[in-house]
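The chain contents come next:
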Amino acid sequence: MKKKSVASIFFINFFKTIGIIALLLGVGVLSYYLTMLYYKQTSRIERSTAYTHVITVNTGNESSNLIYSYDEKTKKIKAMVLELFDENTKNLSYITIPVNSQISISQNTYAEFIEVSQKAPQLATLSDINDYFSGDVAYEYGILILQEVMDVDIGYFTALPSGKFDAYFQKKSEKEPLYMPSQTLLNEAAKCKSKGDMEDFMESRWDELISDATLSQKQNYAESLLGVKREYIRVHGIYGEKNGQSFIINGKKTAKLVNNIWEADAYTSEQAIVKGSLSTGGSTSSVSSANCKIQVTNATGINGLASTYKQKLQADGYSDIDVGNFMGNKQTSTTIYVKKKKWGKDLLKYFKNAAVKVSSNLTNGADIEIILGTEDAL
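The text that follows walks through the structure, step by step, so that each part is easy to find. (Residues numbered from 1 in each chain as written. Predicted model: local features only at pLDDT ≥ 70, side-chain atom pairs only at ≥ 80, totals over all residues. Heavy atoms only, no water.)

A closer look at the overall build of the protein chain
Convention followed: Helix and strand assignments follow DSSP, with helices taken as H or I runs no shorter than four residues and strands as E runs no shorter than two, numbered in order from the N terminus. Pairs of residues are marked as contacts when any of their non-hydrogen atoms sit within 4.5 Å.
Per the secondary structure count, the protein chain includes 11 helices and 17 strands. Long-range contacts, defined as pairs at least 24 residues apart, comprise 66% of the intrachain contacts of the protein chain with a sequence gap of at least 6.

In structure tokens, the structure reads:
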């Protein structure tokens, strides 16, 4: 047999080496493009990263999530519920908030709002937040508006089209129109047996909603949510009163309710008492002062404040109202003096820390005299 020359052996091995290198490069390039294609198809562009937030998004071990139901055509808010989940105790609670709640914005906050949107009012209605502000950030402004009256930290929001919200939430009963997770949602969640199952469950519904949290932040709760006992879930209504077509939130009572929820031990029994003014057992109704003669006395030194409150009260049906100035020292908090103990309680909702006191000696022979304090300067 003819021996191969050294040159031919060299070229054969050389081209084999080149071929192997080319093959490896081809496999590498193909792997790269396949990987990029995979990430392109599976990676999620988070809506929450597309705008500048006006709150600090907080998804800590006490999850405070303000859930909105919105109409896809009009963008009106149809329902609101505050979801409170404690990772340590596995307690899950819901507080229903009427969307017709009206909230008076402080002067400093209003000045900040008006720089962002000329449509922002000083007396805001929760159902209209998408009219006041544009984009997903409107829901964060909703949190800021709600926190004007409630001394409660709300960490993030979730907004659902009304159709999806109605599928995931139901009212406790006709007598207690408080939102709670629907049986459909609870049954689907109950199928999750592991952290991975719950993460997949969250991801499968993530594109249906708007949130300022990211999917990965929400999935941090996956393992803890497995420990929630569905029969121990609590539902409550926010505290406050109806005022004509509007609802006035009692921020102090609601803040106390929220704090009590956070401080509670792990639930070990079904809910016995439903709290809040929206429930049958928590009504804060009182005798109307609409037929009383009311004197609004300005003890703040701020010109026109009594007249402003007169107009506000008249707009809500209080007709017989006089105004005047206080002759003594400036007052910090507002006091409502009444001739009869049953009067005046329905006026508390207009002021921050007002107190009702009985007195027979009122200005201009009034049945009720409101001494305005500087805390209630508009």
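Comments concerning the pairing of strand 13 (residues 294-298)
Stated precisely, the cut-off is as follows: Buried means the residue's accessible area, taken with a 1.4 Å probe over protein chains only, is under 20% of the maximum for its type, while exposed means over 50%, and partly exposed covers the values in between. Every crossover in which the path from the first strand over the helix to the second runs clockwise, viewed with the strands pointing away from the viewer, is termed right-handed.
Burial analysis of strand 13 places 5 of its 5 residues in the buried class, which makes it a mostly covered element. By the alternation rule, side chains of strand 13 split into Ile-294, Val-296 and Asn-298 and Gln-295 and Thr-297, which are all buried. Once you follow strand 13 into helix 11 (residues 305-315) and on to strand 14 (residues 321-325), the crossover reads as right-handed.

Regarding helix 7 (residues 195-206)
Definition in use: One fewer than the residue count of a helix, multiplied by 1.5 Å, yields its expected span. To be clear, the arc concerns the directions from the helix axis to the C-beta atoms.
End to end, helix 7 covers 16 Å across 12 residues, agreeing with the expected 16 Å (1.5 Å per residue, within 8%). When we look at burial in helix 7, the residues that qualify are Met-198, Phe-201, Met-202, Arg-205 and Trp-206. When helix 7 is viewed along its axis, its buried side chains cluster within an angular range of 140 degrees and face the same direction. The secondary structure elements touched by the buried residues of helix 7 are helix 5 (162-168), helix 6 (183-190), strand 9 (210-211), helix 8 (215-219) and helix 9 (222-225).

Considering the side chain of Ser-48
Position of Ser-48 among the secondary structure elements: in the loop between helix 1 (6-42) and strand 1 (62-70). Overall, the relative accessible area of 4% leaves Ser-48 in the buried class. Not counting residues up to four positions away in its chain, the partners in contact with Ser-48 are His-53, Ser-211, Asp-212, Ala-213 and Thr-214.

Focus: the packing of aromatic side chains
So the rule is basically this: Here a pair means two rings of Phe, Tyr or Trp (six-membered ring of Trp) with centres within 6.5 Å. Their orientation is stacked below 30 degrees between planes, edge-to-face above 60, and tilted elsewhere.
Per the stated rule, a full pass over the model turns up 14 aromatic pairs. On the basis of an interplanar angle of 75 degrees and a centroid distance of 6.3 Å, the ring pair of Tyr-68 and Phe-157 is categorised as edge-to-face. A residue pair is termed long-range when its members are at least 10 positions apart, and Tyr-68 in strand 1 and Phe-157 in strand 6 (residues 156-161) qualify at 89 residues. Relative accessible area serves as the criterion here: at 0%, Phe-157 is assigned to the buried category.

Side note on the sheet that holds strand 10 (residues 234-237)
Note the cut-off: The pairing criterion for strands is at least two bridges between them, as found by DSSP. Between N-to-C directions, angles cover 0 to 180 degrees, with each direction set by a line fitted to C-alpha atoms, over the stretch in contact for helices.
Spatial ordering of the open sheet is given by 9-6-1-2-3-10, a layout of 6 strands whose pairing is mixed. One side of each edge strand has no neighbouring strand; the edge strands of this open sheet are strand 9 and strand 10. Pairing between strand 6 and strand 9: 2 bridges, direction antiparallel. In the strand pairing of strand 9, Ala-159 is matched with Ile-210. Seen against the sheet, helix 4 (residues 137-149) touches strand 1, strand 2 (77-86), strand 3 (91-97), strand 6 and strand 9 and runs at an angle of roughly 115 degrees to strand 1. Each of strand 1, strand 2, strand 3 and strand 10 touches helix 10 (residues 251-263); the most contacted strand, strand 2, lies at about 35 degrees to it.

A look at the sheet that holds strand 15 (residues 335-338)
Across the sheet, 5 strands lie side by side as 14-13-17-15-16; this open sheet has mixed pairing. Looking at which strands have only one partner, the edges of the open sheet turn out to be strand 14 and strand 16 (355-358). Mean inter-strand twist for the sheet, computed between neighbouring axes without regard to direction, equals 20 degrees. The pairing of strand 13 with strand 14 spans 5 bridges and is classified as parallel. Looking across to strand 14, one finds that Asn-298 is bridged to Asn-325. This element, helix 11, spans strand 13, strand 14 and strand 17 (368-372) of the sheet and lies at about 165 degrees to strand 14.

Some points on the pattern of salt bridges
When the charged atoms of two side chains with opposite charge come close together, those side chains can pair. We count it as follows: The term salt bridge refers to a pairing of a side-chain nitrogen on Lys or Arg with a carboxyl oxygen on Asp or Glu at a separation within 4 Å.
Under the definition given, this model contains 7 salt bridges. Across the pair Asp-136 and Arg-47 runs a salt bridge, and its minimum N-O distance is 2.9 Å. With Asp-136 in the loop between helix 3 (129-132) and helix 4 and Arg-47 in the loop between helix 1 and strand 1, the pair connects residues that are 89 residues apart, well separated along the chain. Arg-47 sits in the partly exposed class, given a relative accessible area of 43%. Here Glu-208 makes a salt bridge to Lys-164, at a shortest N to O gap of 3.5 Å. With Glu-208 in the loop between helix 7 and strand 9 and Lys-164 in helix 5, this residue pair connects regions lying 44 residues apart in the sequence. Here Lys-164 falls in the partly exposed class, since its relative accessible area comes to 35%.

So, the nonpolar core
What counts, and what does not: Each nonpolar core is a collection of buried residues, namely Ala, Val, Leu, Ile, Met, Phe, Trp, Tyr and Cys, held together in the definition by side-chain atoms within 4.5 Å.
With 48 residues, the main nonpolar core has Leu-66, Tyr-68, Ile-97, Tyr-139, Ile-145 and Leu-146 as its most contacted residues. Of all the elements in the fold, those that place two or more residues in this core are strand 1, strand 2, strand 3, helix 3, helix 4, strand 6, strand 12 (246-249) and helix 10. The dominant element in this core, judged by the number of residues it contributes, is helix 4, at 7 residues. Sequence-distant contacts of Tyr-68, that is, excluding residues within four places in its chain, are made with Ile-77, Ala-79, Met-80, Ile-129, Tyr-139, Gly-142, Ile-143, Phe-157, Thr-158, Ala-159, Leu-160 and Phe-165. Tyr-168, Leu-186, Trp-206 and Ile-233 belong to the second largest nonpolar core, which has 28 residues in total.

Considerations on the packing of helix 2 (residues 107-116) against helix 4
Which entries qualify depends on this criterion: Any angle from 65 to 115 degrees is called roughly perpendicular, while one under 35 is roughly parallel, one over 145 is roughly antiparallel, and all others are oblique. Two helices that cross are described as forming a left-handed crossing if the nearer one is turned anticlockwise from the farther one by less than a right angle, and a right-handed crossing if clockwise. Only Asp, Glu, Lys and Arg are considered charged, only Ala, Val, Leu, Ile, Met, Phe, Trp, Tyr, Cys and Pro nonpolar, and every remaining residue, Gly among them, polar.
Close contact between helix 2 and helix 4 brings their axes to 12 Å; oriented N to C, the two are set at 160 degrees. In terms of axis orientation, helix 2 runs roughly antiparallel to helix 4. With respect to the hand of their crossing, helix 2 and helix 4 are arranged in left-handed fashion. Each of Thr-109, Phe-113 and Val-116 in helix 2 lies in contact with helix 4, whose residues at this interface are Tyr-141, Leu-144, Ile-145 and Glu-148. When the residues that make up the contact of helix 2 with helix 4 are grouped by side-chain class, the tally is 5 nonpolar, 1 polar and 1 charged.

Taken by themselves, the reported measurements are silent on function.
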